[in-house]
Amino acid sequence: MIHAYELHGRYIVLDVESGAVHELSGAAFAALNTPPEEHTAEQAEAWAELMALKEAGLLFTGPEPAAESAKNADLPLKALCMHVSHDCNMRCGYCFAGTGDFGTGKRSVMPPFIAEKAVDYLLKRCGGRKNLEIDFFGGEPLLALDTVKHTVAYAKKTAPDKHFRFTLTTNGILLDGETITYLNEEMDNLVLSFDGRKRINDVHRGKSYDKLLPKYKNVIETRTGDYYVRGTYTNKNPDFTEDVLHLASLGFTDISLEPAVLPPGHPLALTKDDLPALCAEYEKLCKTMEGDGTFSFFHFNVDLAQGPCVYKRLRGCGAGVEYAAVTPEGDVYPCHQFAGRGEYLMGNVANGGFSPEISGRFKELDANSREECRSCWAKYFCGGGCAAANITVNGDILKADRLGCELAKKRLSCAIYLKNVQMYE
């Protein structure tokens, strides 16, 4: 299987199974799309070169044998998303977490003893893994900063032979000098929520722009670890390139801006009618970044040389298998976006409960298990898409969010284009 396309005057072809990427001449690109018996002399010569790539195993390759046995791989838990707070001091209009309580109507923070049980749960189910991840999430996790600090100290003390990578996602309201110092010392990664231009940020995030900007600048000016400024775009800003460029102009070098995933009929939801404009916007951002190395865009980051193994590529995020989320009460769910959906409750860290049936369902959710994904050129990059998005949009973890799929494929095409430019120029 191949994916051949033209973008900004360049002809690109991805060999899906091998991961090889080639930039083609116009004649070679035309030869791919013309029956061999109709080739011009120039196209015939180019076709011979393409067949040489095939012989070398770099074009028109078949699936890896290992791909068929990916479901049989032993994949113990390696990452835990700890919902230390099911409360939030903001009320963002597009929030999938029901403004912090995940639709439960109950606002709470995780007590330290549950946090300890969650760490114990991860250690019990991590197998022989040395590198483990703990993500502090909410709601707003800084509402439970004491629990965050307790968790970090407990994990390091309890398992000094493990390497923990800590991440925290914050809306920034509670950041102060002391908190920033702590986070910069202890968090391997910080995710800072910020939507871009002032008018866009403030329409969704409670007129917080002027409060957040100096706090976030303080973070990045004093930080040596990883971070992302992460925003969300809705139907209110389909020209989201302007928000990305605005964030870059403020000095932020690592930027993520993602489409809101909302149920049909939501007043901020993106629809298929928005798709042409959104795809054009990604192409615009891609072209802008071609000559600008001052910032990175999360969805344009792709590793074509040393990417993950076939098991990981087919399974994607690993929700419910390698990754799980824990609520303030200790309930375990396949990922942070499933919290509060009782039918996906996997257990509780207080008693070590675990549902092999639910975990097994998610283990089956690789790209080859979904009919529409099996023949998709992007399957090794998205692993079959997001099960949580599928259920939000379609009410079924197996039924793909088609808008999300098309946006993901456009982002990947742009990312591969940019990587090709960087490699050869």
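These figures come from a predicted structure and were not determined experimentally.

It is worth spelling out the overall build of the protein at this point. Across its full length, the protein carries 16 helices and 15 strands. In terms of overall size, the protein behaves like a compact globule, its C-alpha atoms giving a radius of gyration of 23 Å where 425 residues would be expected to give roughly 22 Å. Counting only C-alpha atoms and orienting by the principal axes, one finds that the protein spans roughly 75 × 50 × 45 Å. Counting the 425 residues in the protein, one finds 52% classified as buried. Within the protein, counting contacts between residues at least 6 apart in sequence, those at least 24 apart form 69% of the total. If you sum the accessible surface of the protein, you get close to 18500 Å²; carbon and sulfur atoms cover 52% of it. The positive charge centre, built from 46 side chains, and the negative charge centre, built from 57, are 6 Å apart in the protein.

Scanning the entire structure with this criterion turns up zero disulfides. Between C414, a cysteine without a disulfide, and C286, which holds the nearest cysteine sulfur, the sulfur-to-sulfur distance is 4.3 Å. Look at C414 and you get buried, because its relative accessible area is 1%.

This part takes up the side chain of D202. By secondary structure assignment, the location of D202 is in helix α7 (residues 198-204). No salt bridge forms around the buried D202; measuring N to O, its nearest opposite-charge neighbour K198 is 4.9 Å away. In terms of polar contacts, D202 uses its side chain to reach the side chain of N201, at 3.1 Å. For D202, the contacting residues outside a window of four places in its chain are K207, S208 and Y209.

Once that is clear, we can look at the pattern of salt bridges. Taken as a whole, this structure holds 15 salt bridges when the rule is applied. Between D87 and R107 there is a salt bridge, and its shortest N-O distance comes to 3.2 Å. Residue D87 is found in the loop between β5 (85-86) and β6 (108-109), and its partner R107 is found in the loop between β5 and β6; the two are separated by 20 residues along the sequence. Using a relative accessible area of 34% as the deciding quantity, one classes R107 as partly exposed. Across the salt bridge formed by E406 and R402, the nearest N and O atoms sit 3.3 Å from each other. Of this pair, E406 and R402 are both found in helix α16 (residues 402-424), four residues apart, which corresponds to roughly one turn of the helix. Given a relative accessible area of 28%, E406 falls into the partly exposed group. One continuous salt-bridge network, built from bridges that share partners, spans R197, D239 and D243.

Pairing is antiparallel in the open sheet, where three strands are placed in the order β1-β2-β3. Sheet topology places β1 (2-7) and β3 (21-24) at the edges, where each strand pairs with a single neighbour. Going across the sheet, the axis of each strand differs from the next one's by a mean of 20°, ignoring polarity. One ladder, built from six bridges, connects β1 with strand β2 (residues 10-15); its direction is antiparallel. Considered in β2, the bridge of L7 is made with R10.

Right, let's get into the packing of helix α5 (residues 145-158) against helix α6 (residues 177-186). It is at 12 Å that the axes of α5 and α6 come closest, and there the two elements cross at 30°. Comparing their axes, α6 and α5 come out roughly parallel. Between α5 and α6 the crossing geometry is left-handed. Residues L145, V148, K149, V152 and K156 of α5 touch α6, and the partners they reach there are T179, Y182 and E186.

With that out of the way, let us pick up α5. In a regular helix each residue adds 1.5 Å, so 14 residues correspond to 20 Å; α5 covers 20 Å between its end C-alpha atoms and thus fits that length. Buried residues of α5: L145, T147, V148, T151, V152, Y154 and A155, and no others. Among the structural elements, β4 (79-83), α4 (112-125), β7 (131-137), β8 (163-170) and α6 are those in contact with the buried residues of α5.

Moving on to the pairing of β2. Among the six residues in β2, five count as buried, and that is most of the element. Two elements, β2 and β3, share four bridges in a ladder whose sense is antiparallel. Paired with L14 across the bridge in β3 is V21. Taking the residues that link successive antiparallel strands as the turn, the β2-β3 hairpin has five residues, and the phi of G19 there is positive, at about 85°.

Taken across its seven residues, β7 has five buried, putting it largely inside the fold. Summarising the sheet, β4 and β7 pair through five bridges and their orientation is parallel. Paired with M82 across the strands is F136, a residue of β7. Taken together, the six bridges between β7 and β8 define a ladder with parallel strand orientation. Opposite I134, over in β8, you have F166 as the bridge partner. Handedness of the crossover joining β7 and β8 through α5 is recorded here as right-handed.

Take a nonpolar patch on the surface next. Taken together, the side chains of V109, L143 and L174 define a hydrophobic patch exposed on the protein surface, amounting to about 220 Å² of accessible area. With respect to the element layout, L143 can be found in the loop between β7 and α5. On the basis of relative accessibility, which here comes to 35%, the residue L143 falls in the partly exposed class.

What counts, and at which threshold
Residues numbered from 1 in each chain as written. Predicted model: local features only at pLDDT ≥ 70, side-chain atom pairs only at ≥ 80, totals over all residues. Heavy atoms only, no water. Helix = DSSP H or I, 4+ residues; strand = E, 2+ residues; numbered from the N terminus. Rg over C-alpha atoms; globule rule 2.2 N^0.38 Å. Buried < 20%, exposed > 50% of the residue type's maximum accessible area, 1.4 Å probe, protein only. Contact = heavy atoms within 4.5 Å. Areas by Shrake-Rupley, 256 points an atom, 1.4 Å probe, with all protein chains shown as cover. Lys, Arg positive; Asp, Glu negative; His and termini not counted. Charge placed at Lys NZ, Arg CZ, Asp CG, Glu CD. Disulfide = S-S within 2.5 Å. Salt bridge = Lys/Arg side-chain N within 4 Å of Asp/Glu carboxyl O. Polar contact = N/O pair within 3.5 Å; in protein donor to acceptor, adjacent residues only side chain to side chain. Pairing = 2+ DSSP bridges. Axes fitted to C-alpha atoms, helices over the stretch in contact; angles between N-to-C directions. Parallel < 35°, antiparallel > 145°, perpendicular 65-115°, else oblique. Left-handed = near helix turned anticlockwise from the far one by under 90°. Expected span 1.5 Å × (residues − 1). Right-handed = clockwise from strand over helix to strand, strands pointing away. Patch = residues over 30% accessible without salt bridge, like charges linked within 9 Å, V, L, I, M, F, W, Y side chains within 5 Å.

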